[in-house]
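Residue-level listing of the chains:
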Amino acid sequence: MTGLLAVALPGVPLLVGLIGLLLPPSPRGATTGEDPARRVAIALGVSGAAVALLAAVVLLVRVGHPVEGSTTWVDLGGPAVTFGYRLDGVAVLVATAVTAVALAVQVYSIGYLKRGPHDDVEVDHRYPPYAAQISLFTAAMLTVVVSGDLILLLVGWEVMGICSYLLIAHDRRLAEAPAAAVKAFLVTRVGDVGFLLGIALLGVGAGSFRISDVLAHDYPAGILTAACLLLLAGVAGKSAQFPLHTWLPDAMAGPTPISALIHAATMVAAGVYVVARLFPLFERAPAALAVLGVMAAVTLLLGAFAATAQDDIKRVLAWSTVSQIGYMTGALAVGAPAAALFHLLTHAAFKALLFLAAGVVIHAVGTTLMSRMGGLRTAMPITFWCMVIGLGALAGLPPLSGFWSKDGVLAAAEATALEGTGPSYAWVGWLVWLAGLLGVAVTAWYATRLLLRTFFGVARLPLTHPHDPPAVLRWPVLLLAVPAALLGLAAFAPWFADRLRVPADRTGEAVELVHLAPNLVLPLVLLLVGSGVAWAGWRRDPAADPARFLGPLRPVFARAFRLDDVQDALVVRPTTALARAVRTGDELGVDGLVEGSGHAAVGLGGGLAALHRAALPRAAAGVLAGALLIGLAVALIGVAT
């Protein structure tokens, strides 16, 4: 039964996704009720996600200790590729989060991708492929979660990239959507090259690509460090970590439900999950953990500061995702995978809630710009309170879920910094700890700013009449508010902490996720300071943006320290120039040589043909001249001999 459920977990969304791709797109101009393809797509998408969630819940109840099974898939005489699953407590918890968010997104999309009050055209004429691609995206992430073989994991990893490209570019009316999709695809592919090479090193070294064999193999230190660093390149791309983070904010061109799916429980969480699953390898490569720690600290602060100056509500949440993933990778860097996974789960809940609630606001007012919002608290009370829960969890407000998980990350970093615990260096602990504390204050500042600019003050679009959403949009938001508020309390339950134990935890002791100690006071003080500063700035002038106090730093933060421009100058332009040079060399050199040879042969043939067609006197003269030349050549050769 466990094996069947493990196969059904990604298999059902994969099957319904493939069937959904066979459905024709909805005809333009057709109303929702008249389109049978859309109704079938909705049924397939929702039922596939619901069955996968049911399978995940059953596995959550059944699986406590690691369980795996496999069969040979490809064997060419070298390391065999197996088709199998590897389940443990971590896998089933993450699978439950993935399927729950996927089901919420499928249901929410039914109402979101319809003709809205500010749409002049029907926006859901491509709903069948959209729903099918969500199912394939879900299947790909679940393949990564349950895979027992690195090659099968790589397949799911790459399918996620393809689906992200298709979903980000879904709304063809937006000029920026195709460009954002191409950017996301290419930037993540850069990291995936390293990821592929890292998997190859591990598989060839162990003589097998099975994860259990790879974890048990004793690699030379140099090979192991190189493989882990290569894997981190893929993690940086998929999880939007510095320096491959630039694709994620631009991916907001996709529909808001897709933003929730990518940011909450699938694509950006994949890198963190893979490092946690392979953590015994990273534990033996402290240099790789040090690189991960530096990357995490930079990304954490970069995302937080960039979020402070954004006017687009979705870009604020996108940069907050970059920052929060930095907390997770920071926990991994200091040797606390359980804390990283705990924050991954709580983040999946409150970030999905935030994006779907933001989508409700966008759907109601017809804009993503906070400068055109305001005063929505009384008109949209349900959305307001759900957003309060989500932003409170994001900022780490007790007793909401983000408070407990973020405190676990900070406590682990503090222990490494002050006590030297864990496999990482003490300076990595200091770096992650101090960056995390500063991130608490900055996160509280921009979360408070978002709440005030959106829901308080006066309405800046008086002609609109916003209201809370219909049931198909409201219920996913309300249901996600429950884990966003309460999931952190699950850390007090031993069964939950035990399931977050990764293979590195070889002792029988339960993993400590909650740290009720005096060191809780400092993050709380920083949270109050950050939130208080934003509130005080807003109180001075409720019509003005608190970000005005950033002064000359505001445009720098708004452009995320212009790292996109740096990437364009150092990578994109030189690569484009090199491509042009290669193309020119190919056209003028290779093609020119080949075409020139052809032209010369044609010209010579034309000249000889002209001689053959010449009149008799000229032909005789030509024959005589040829004979004289041949005779002269023979004479010269004879003299030389």
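Worth saying up front: this structure is predicted, and the values here are computed from it rather than measured. Residue numbers run consecutively from 1 along every chain, following the written order of its sequence. For this predicted model, a pLDDT threshold of at least 70 governs which residues receive local features, and a threshold of 80 or more governs which side-chain atom pairs are given and counted, while totals over whole chains, interfaces and linings are taken from all residues. The basis for the side-chain values is all heavy atoms of the structure; hydrogens and waters are excluded.

Engineer: Go over the pattern of salt bridges with me, naming the residues and quoting the values.
Structural biologist: In the sections that follow, a salt bridge refers to a side-chain nitrogen of Lys or Arg positioned within 4 Å of a carboxyl oxygen of Asp or Glu. Taken as a whole and judged by the stated rule, the model has 14 salt bridges. For the salt bridge of D545 with R453, the shortest nitrogen-to-oxygen distance reads 3.9 Å. With D545 in the loop between α21 (521-540) and α22 (553-558) and R453 in helix α18 (residues 426-455), this residue pair connects regions lying 92 residues apart in the sequence. Look at the salt bridges and you will find they share partners, linking E158, R189, D192 and K238 into a network. Numbered from the N terminus, helices here are DSSP runs of H or I no shorter than four residues, and strands are runs of E no shorter than two.

Engineer: Go over the packing of aromatic side chains with me, naming the residues and quoting the values.
Structural biologist: Only Phe, Tyr and Trp rings take part, Trp by its six-membered ring, and two of them pair if their centres are within 6.5 Å. Stacked means planes under 30 degrees apart, edge-to-face means over 60, and tilted covers everything else. Summed over all chains, the structure comprises 16 aromatic pairs. Ring centres of F557 and F561 lie 5.4 Å apart, and the angle between their planes is 55°; this geometry places the pair in the tilted category. Every member of this aromatic cluster is reached through a ring pair, and the members are F384, W385, F455, F456 and W538.

Engineer: Please give an account of the environment of R86 that cites residues and values.
Structural biologist: Here R86 shows up in strand β2 (residues 81-87). Relative accessibility decides the category of a residue: with a 1.4 Å probe and only protein chains considered, values under 20% of the type maximum give buried, values over 50% give exposed, and everything between is partly exposed. Using a relative accessible area of 10% as the deciding quantity, one classes R86 as buried. Two N or O atoms form a polar contact when they lie within 3.5 Å of each other; inside protein one atom must be a possible hydrogen donor and the other a possible acceptor, and for residues adjacent in sequence the pair counts only when both atoms belong to side chains. A polar atom in the side chain of R86 sits 3.1 Å from the side chain of E68.

Engineer: Tell me what's going on with the packing of helix α4 (residues 127-146) against helix α5 (residues 150-168), and back it up with residues and numbers.
Structural biologist: The axes are straight lines fitted to the C-alpha atoms, using for helices just the contacting stretch, and the angles between their N-to-C directions are given from 0 to 180°. It is the contact of α4 with α5, at a shortest axis distance of 8 Å, that shows an interaxial angle of 155°. One element, α4, and the other, α5, form an angle in the roughly antiparallel class. Crossing of α4 over α5 shows left-handed handedness. Two secondary-structure elements touch here, α4 through Y130, Q133, I134, L136, F137, A140, M141, T143 and V144 and α5 through L152, L153, G156, W157, V159, M160, C163, S164, L166 and L167. In these notes the angle categories are as follows: under 35 degrees is roughly parallel, over 145 is roughly antiparallel, 65 to 115 is roughly perpendicular, and the rest is oblique. Here is the rule for handedness: rotate from the far helix to the near one, and if that takes an anticlockwise turn smaller than a right angle the crossing is left-handed, while a clockwise turn gives right-handed. Two residues qualify as a contact provided that any one of their heavy atoms is within 4.5 Å of a heavy atom in the partner residue.

Engineer: Could you give an account of the packing of helix α3 (residues 89-112) against helix α10 (residues 256-264), with specific residues and numbers?
Structural biologist: Packed helices, taken two at a time, are described by the angle their axes make and the gap between the axes. Where α3 contacts α10, the axes come no closer than 9 Å and their chain directions differ by 170°. Taken together, α3 and α10 sit at an angle that is classed as roughly antiparallel. In this structure, α3 uses V101, A102, V105, Y108, S109 and Y112 to contact α10, whose residues at the interface are T256, P257, A260, L261 and A264. For the contact of α3 with α10, the class distribution of residues is 9 nonpolar, 2 polar and no charged. Under this grouping Gly is polar, as are all residues other than the nonpolar Ala, Val, Leu, Ile, Met, Phe, Trp, Tyr, Cys and Pro and the charged Asp, Glu, Lys and Arg.

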